Each structure stands twice: as C-alpha cells, then as structure tokens.
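# Topology and contacts: notes
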2 protein chains.
Amino acid sequence: MKLFNKVAIVGVGLVGGSIALAIKNKGLAKEVIGVSRHKKTLLLAKRMGAIDKGALDLNIIRDADLVILATPVSAITKLAAKISKIVKKECLITDVGSTKQAIVSELERIFPNYVGSHPLAGSEKRGILNADPRILKDSLCIFTPTGNTNKAAQEKIARFWSMLGARVVYLTSGVHDRILSFVSHLPHLVAFSLIDTVPSSYLKFASAGLKDTTRVAASDSEIWSDIFLSNKNNILESIDIFQANLSKIKSAIQKKDKEQLISIFKLAKRKRESLNCLMFKV
Amino acid sequence: MKLFNKVAIVGVGLVGGSIALAIKNKGLAKEVIGVSRHKKTLLLAKRMGAIDKGALDLNIIRDADLVILATPVSAITKLAAKISKIVKKECLITDVGSTKQAIVSELERIFPNYVGSHPLAGSEKRGILNADPRILKDSLCIFTPTGNTNKAAQEKIARFWSMLGARVVYLTSGVHDRILSFVSHLPHLVAFSLIDTVPSSYLKFASAGLKDTTRVAASDSEIWSDIFLSNKNNILESIDIFQANLSKIKSAIQKKDKEQLISIFKLAKRKRESLNCLMFKV
C-alpha cells in the first residue's frame, strides 16, 4: 500500500538504510530518495535496492511527502534549517535521533508537520552495508508528539512506523531522554570505560562475559559523542547513580561483607532475569 | 581411551556437570563419580548420563584416581582438608576455581599431586540442568603449576584437559588472578552495578545493548561473592582504574569536550574490535 509518493531519507547509514529497505520491501512509497555526504553510500544504497535515487545535494528532496532525518543527532538540527527552505509546506518530517528534547523543541519550531521518532533499532555497527529491514520488525518506536503537533501528521507517521513492523509508544521528549540515558546511553558509556580498563595484553584471555559486556563499545565514536553531549544532564545523573552503586559494592568487598554482596547480587540477578521475559505492552 | 579408572567430581553444577558429561562422551574414565550437597542434583546428573554413581558423602571418592573440585571457591579450601583424609596418596587432584592464588597455596600444601586449573568455560547459568560438554571444546584452560608441582601429575592433568578439547595455557596463580580480575571479575561487577542503576519501570524500554551489557548480572550471587572476596586486592585495583576511566569520560561530558570524547571512544572501539579476531595462541 502506497502511503507516500516520495519519501526522502537524509543520512543513509545503518538506521536510515534499514528504513529505506523496509519501505521498499513493504511498498509503502512510490519512490525512495536518499541523501548522503558520500557518493559511495548512495551507490551502495541504490545497488542494495534501498533507494531509487540519491544525491549529495539536499535539493533532491524538494517534492517529498515525508522526510526522515537519520544523521547523527548534532547534524539533525543543523540540517533542519536548510531543509525547511527546500521542502513543500505540507511535507511530513520526522527524525530518528537517539535523543529527543533538543531536537523536538528546535524542529517543531521550524516545521509545521514534524513529529519526533526514535526506533529502538540499531547495533554497534554502522553504514549502509549493515542495513537490514528486519531490525524494525517488532522493535519499539518511541514517538514524541507535543501539544503543538499537527494531529494528521502525527497519525500518518505513526501509521508509517506501524506498517514497518514497529510498535509505536508515546512519550514526552523529556521522559524519553531520561529513560534512554539509563537503558541505552549509560550502558554504552560503561562499555567504553570497561574496555578502556582492560590491558591490551590481557584481551586474549577474554571469554563471553567481557565480549558481551563490551559489545557496544565498538559503536561509532562520533554518533555517541553527539548523543552524550545532547543528553548531558540525564547522562551525568545516571553516571552519578551508577558510581554510587559501584562504590557500594566496592566498599562491601573492602569490608569483606559477603552478606551484603549476596543481597546486592541477588537483587541484580532478579532484575536482569526479569529483562528476559519483559515484553513491552502498549 | 581410558585415562583414569575412576574420576570423582565434587560439585556437579554447570561446570562440574559439563566436565562429567565430556569425560563420559570421550570415554576418558571407566567410572565417573559425583558428590553433591543435593540428592536431586545427583539424580539428574545420573539421568543425564554425566555420572555413574553419586553420593552426598565424600567417602565415595575413596579410590578415585582423579578428583576435580568444582564447588564455589570458598568451599574448595574447606573441602580439601576432609578430602585429603579420604583419598589415596597417589590420587591426582585439581580444582576449577575462578581464583587461584589462595586455593593453589592451600591445596598444594595438602595434596602431593595437586595442580590448579581454570577452564574459562561457564555462563551466567548454573546447575546440572545447564551442563553442556561443548563448553569445553576450544575453550582456554588456565593451568597453574608451581615449582613444587609433581611433574607426572601436571602432565597427566594437562593431557586430560586437552583430551576434553580445551587449550591448556600455563600461568602463575598470581598472574592468573590479576588477569581474570580485569577480563572476567570486573565485567561481572560492572554488570551488577549497571542493572542495579536502571529503574525497574524503565526496563521495558531495554534493547539489545542493555541486555548484552548486563547478561552476566544474572550470575549466581554466592559464587560471585566468593570470587570477589578471594581476589579482593586485584578486584579493588581494577575497580580503581575503571572508576578513573569513567570519571575521565564524565568530565569530558561536563566540559562538552567532544574532541576528547571522540578520541576516547575511537580507542575503545579499536580495542573492542580487536577482541573479535583474537585467537589465543599458545
């Protein structure tokens, strides 16, 4: 079912490329346009069947019905002003940034038909070559409309995500950023610090525990610097709480307080096990 | 090939049970004996074909040629004294404890034919029902003989691990404990602290990043309290270094120093990626 005539995806990396492929697979648009800073990305995206046409220049998105901004978060607000001068007034706009508060307040000022999105679908990999439309299937897409959001735009973009297989959940951008700082940003930051701590010569003794615990430390440094800086206050708060919890364990070890250690670890175990059976219920 | 007449495994949990199954699969012993505190474990181990006979009482190991201590680390030294009064003098003894310094110095004082072992094979699961002989295949088995170790015992136990599919690597118990504190104990401790930090009501928004980063937080609280306390000094040092690295990232976020963040994350990414292609070369 053709939901749109022309969808433009700005930033055809892992997430943008996966969305493009999913749109093509589901036949949701007559045409999918890609914009990238790299010619090679556009060639690959075209060869993979993710886009019909691509360009380095934003002017190609002129008559799009839906524009999806899928660049690192710091580029989203920078591109928005330029894009607002190019697209038609009725064009729907969304972004897939991992932080929402700054982006939503800026973009809804610029675009009459904007709603913020964050599909919780990604990996430590990046780039069009790692794009996979299946990452959207049964994923959670956090949707952050505000009191000012155009209802028709909101409904159509929500429908779009649902048709790509995502479960759409509504949060305010502030709540989104706080939750994500704990469930996503802090784990990345901890993984970076952890691999940093292991002497290189010890790495050959690593087993599955270290590998899993640090998998996301292979994530892109530019993307994640952006995320941490655009969610600074929440991240700093989550680090504070994490540091306090770590210190509690450290001090129990110092005091050889086995009982306290066991009680902390039992709670942690129960919490972690609950993660295996949690299904998000909208 | 029958390497032993009778192998006794004290502690028939995930690791002990997996070793028992591997011995049976490879036909390395005429008889495999299990000792456990729980009758149910012995029944299950027998039904799974891991052991031929089992008992709650240590006296069953009287005429074993090889005894493998596979209990939590704090129980290993406690059991050793009792076992030394039961086994014959020529019996080979090893243990699979995750920390080695305290255990090796104690056990080599008690047994003439003891060598410490640590097969890096396990998971966050526990218990005989999760035993799987394949976890030993191509795993690393760290072996910690000392200047006092009986050479014949050392060679035969090393051969035993090799025949179970493990690659045997020699380290002193001190080096073992230091390396493991970084590549295994610290990641567990960080995972416990991390899941502790995430508010329960946020868990339903967790994606693969949090799940992988905290997988080992579902590990057994008793086993891990023991490990942390028996490797106290190394663990405390690795926590210190981790805390310093985390603080460095925190302060770069506070100062909005994107360049420093990128340079830290780039190094982390390269280090984590190297982990994917590292193969231990003996």
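Residues numbered from 1 in each chain as written. Chains lettered and ligands numbered in written order. Predicted model: local features only at pLDDT ≥ 70, side-chain atom pairs only at ≥ 80, totals over all residues.

### What about the overall build of chain A?
In terms of helices and strands, chain A carries 10 helices and eight strands. By the compact-globule yardstick of 19 Å for 282 residues, chain A fits well, its C-alpha radius of gyration being 21 Å. Projecting the C-alpha coordinates of chain A onto the three principal axes gives extents of approximately 70 × 45 × 35 Å. In chain A, which comprises 282 residues, the share counted as buried stands at 51%. When contacts within chain A are restricted to residue pairs at least 6 apart in sequence, long-range pairs at least 24 apart make up 71% of them. (Helix = DSSP H or I, 4+ residues; strand = E, 2+ residues; numbered from the N terminus. Rg over C-alpha atoms; globule rule 2.2 N^0.38 Å. Buried ≥ 20, exposed ≤ 12 C-beta atoms within 10 Å, placed from the backbone. Contact = placed C-beta atoms within 7 Å.)

### Here we look at the pairing of strand β6 (residues 114-119) of chain A
All names here are of chain A. Burial analysis of β6 places six of its six residues in the buried class, which makes it a mostly covered element. Burial of the side chains of β6 extends over both faces: Tyr114, Gly116 and His118 are buried on one face and Val115, Ser117 and Pro119 on the other. Two elements, strand β5 (residues 92-95) and β6, share three bridges in a ladder whose sense is parallel. Bridge assignment links Ile93 to a residue of β6, and that residue is Tyr114. After leaving β5, the chain enters helix α4 (residues 101-110) and then returns to the sheet as β6, a path that is right-handed. Bridge analysis of β6 against strand β7 (residues 140-144) gives four bridges, and the strand direction is antiparallel. Note on β7: the bridge partner recorded for His118 is Ile142. (Pairing = 2+ DSSP bridges. Right-handed = clockwise from strand over helix to strand, strands pointing away.)

### Regarding unusual backbone geometry
Of note, the phi angle at Asp138(A) is positive, near 65°, even though the residue is not glycine. By the element assignment, Asp138(A) lies in the loop between β6 and β7. Here Asp138(A) falls in the exposed class, since 12 other C-beta atoms lie within 10 Å of it. Of note, the phi angle at Lys256(B) is positive, near 55°, even though the residue is not glycine. Assessed through the 12 C-beta atoms surrounding it within 10 Å, Lys256(B) is described here as exposed.

### Brief notes about the sheet that holds strand β1 (residues 4-10) of chain A
All names here are of chain A. Here eight strands make up an open sheet; going across it, the order is β3-β2-β1-β4-β5-β6-β7-β8 and the pairing mixed. The open sheet has two free edges, formed respectively by β3 (53-55) and β8 (167-170), since each of these has just one partner strand. Mean inter-strand twist for the sheet, computed between neighbouring axes without regard to direction, equals 25°. The pairing of β1 with strand β2 (residues 29-35) spans six bridges and is classified as parallel. Among the inter-strand pairings, Ala8 is bridged to a residue of β2, identified as Ile33. (Axes fitted to C-alpha atoms, helices over the stretch in contact; angles between N-to-C directions.)

### Concerning the interface of chain B and chain A
Across the contact, 73 residues belong to chain B and 73 residues belong to chain A. Every element with two or more residues in the side of chain B that touches chain A is listed here: α6 (173-197), α7 (208-214), α8 (221-230), α9 (232-254) and α10 (258-277) of chain B. Per-element tally for the side of chain B that touches chain A: the top contributor is α6(B), with 16 residues.

### Some thoughts on the domain arrangement of chain A
It is common to give the size of an interface as the accessible area that goes away when the parts come together. Residues and elements named next belong to chain A. Domain parsing of chain A yields domain 1 (4-171) and domain 2 (176-277). Computed over C-alpha atoms, the centres of domain 1 and domain 2 are 30 Å apart. Every contact between the two is made by 14 residues of domain 1 and, on the other side, 14 residues of domain 2. Elements with a contribution of two residues or more to the side of domain 1 that touches domain 2: α3 (73-84), α4 and β7. (Domains from an automatic or database assignment.)

### A word on α6(B)
All names here are of chain B. Between its first and last C-alpha, α6 extends 34 Å over 25 residues, near the 36 Å set by a 1.5 Å rise per residue. At Ser181, α6 shows its maximal bend, which comes to roughly 50°. The buried fraction of α6 amounts to 22 of the 25 residues, a majority that puts the element mostly inside the structure. (Expected span 1.5 Å × (residues − 1). Bend = angle between axes of the 7 residues up to and from the residue.)

### A look at the packing of helix α6 (residues 173-197) of chain A against α9(B)
Across the interface, α6(A) lies against α9(B) with an axial gap of 9 Å and an inter-helix angle of 130°. Between α6(A) and α9(B), the angle falls in the class oblique. Of the two elements, α6(A) crosses α9(B), and the hand of that crossing is right-handed. Within the contact between the two elements, α6(A) uses Leu189(A), Phe192(A), Ser193(A), Leu194(A), Asp196(A) and Thr197(A) and α9(B) uses Ser238(B), Ile241(B), Phe242(B), Asn245(B), Leu246(B) and Ile249(B). Of the residues belonging to the contact of α6(A) with α9(B), the class tally is seven nonpolar, four polar and one charged. (Parallel < 35°, antiparallel > 145°, perpendicular 65-115°, else oblique. Left-handed = near helix turned anticlockwise from the far one by under 90°. Nonpolar A, V, L, I, M, F, W, Y, C, P; charged D, E, K, R; others polar.)

### Some words on the relation of the copies chain B and chain A
Expressed as a screw transformation, the operator carrying chain B onto chain A has a rotation angle of 180° and an axial translation of 0.0 Å, and the superposed copies differ by an RMSD of 0.0 Å. Here the transformation between the copies is reduced to the relation of a two-fold axis. Minimal C-alpha separation from the rotation axis in chain B is found for Thr213(B), amounting to 2.0 Å. When the interface residues of chain B are mapped onto chain A, 100% of them again fall at the interface, so both copies present the same face. (Least-squares fit on C-alpha atoms with pLDDT ≥ 70 in both.)

### Side note on helix α1 (residues 14-26) of chain A
Residues and elements named next belong to chain A. Here α1 contains 13 residues, and its C-alpha end-to-end distance of 18 Å stays within 8% of the 18 Å for a straight helix at 1.5 Å per residue. In terms of burial, α1 is a largely internal element, 10 of the 13 residues being buried. Leu14, Val15, Gly16, Gly17, Ser18, Ile19, Ala20, Leu21, Ala22 and Ile23 are the residues of α1 that are buried. Residues of α1 that are buried sit in contact with β1, β2, α2 (39-47) and β4 (66-69). Remark: Gly27 follows α1 within two positions and exhibits a positive phi of approximately 65°.

### Examining the sheet that holds strand β6 (residues 114-119) of chain B
Residues and elements named next belong to chain B. If you trace the eight strands from one edge of the open sheet to the other, you get β3-β2-β1-β4-β5-β6-β7-β8, paired in mixed fashion. Only two strands of the sheet have a single partner each, and these edge strands are β3 (53-55) and β8 (167-170). Neighbour to neighbour, the strand axes of the sheet diverge by 25° on average, direction disregarded. Sheet analysis places strand β4 (residues 66-69) next to strand β5 (residues 92-95), joined by four bridges and oriented parallel. Paired with Val67 across the strands is Ile93, a residue of β5.

### Quick notes on the confidence of the model for chain A
The share of residues in chain A with pLDDT of 70 or more is 98%, and the mean pLDDT across the chain is 95. Here the prediction assigns the complex a pTM of 0.92, and the interface score ipTM is 0.91. (pLDDT = per-residue confidence, 0-100.)

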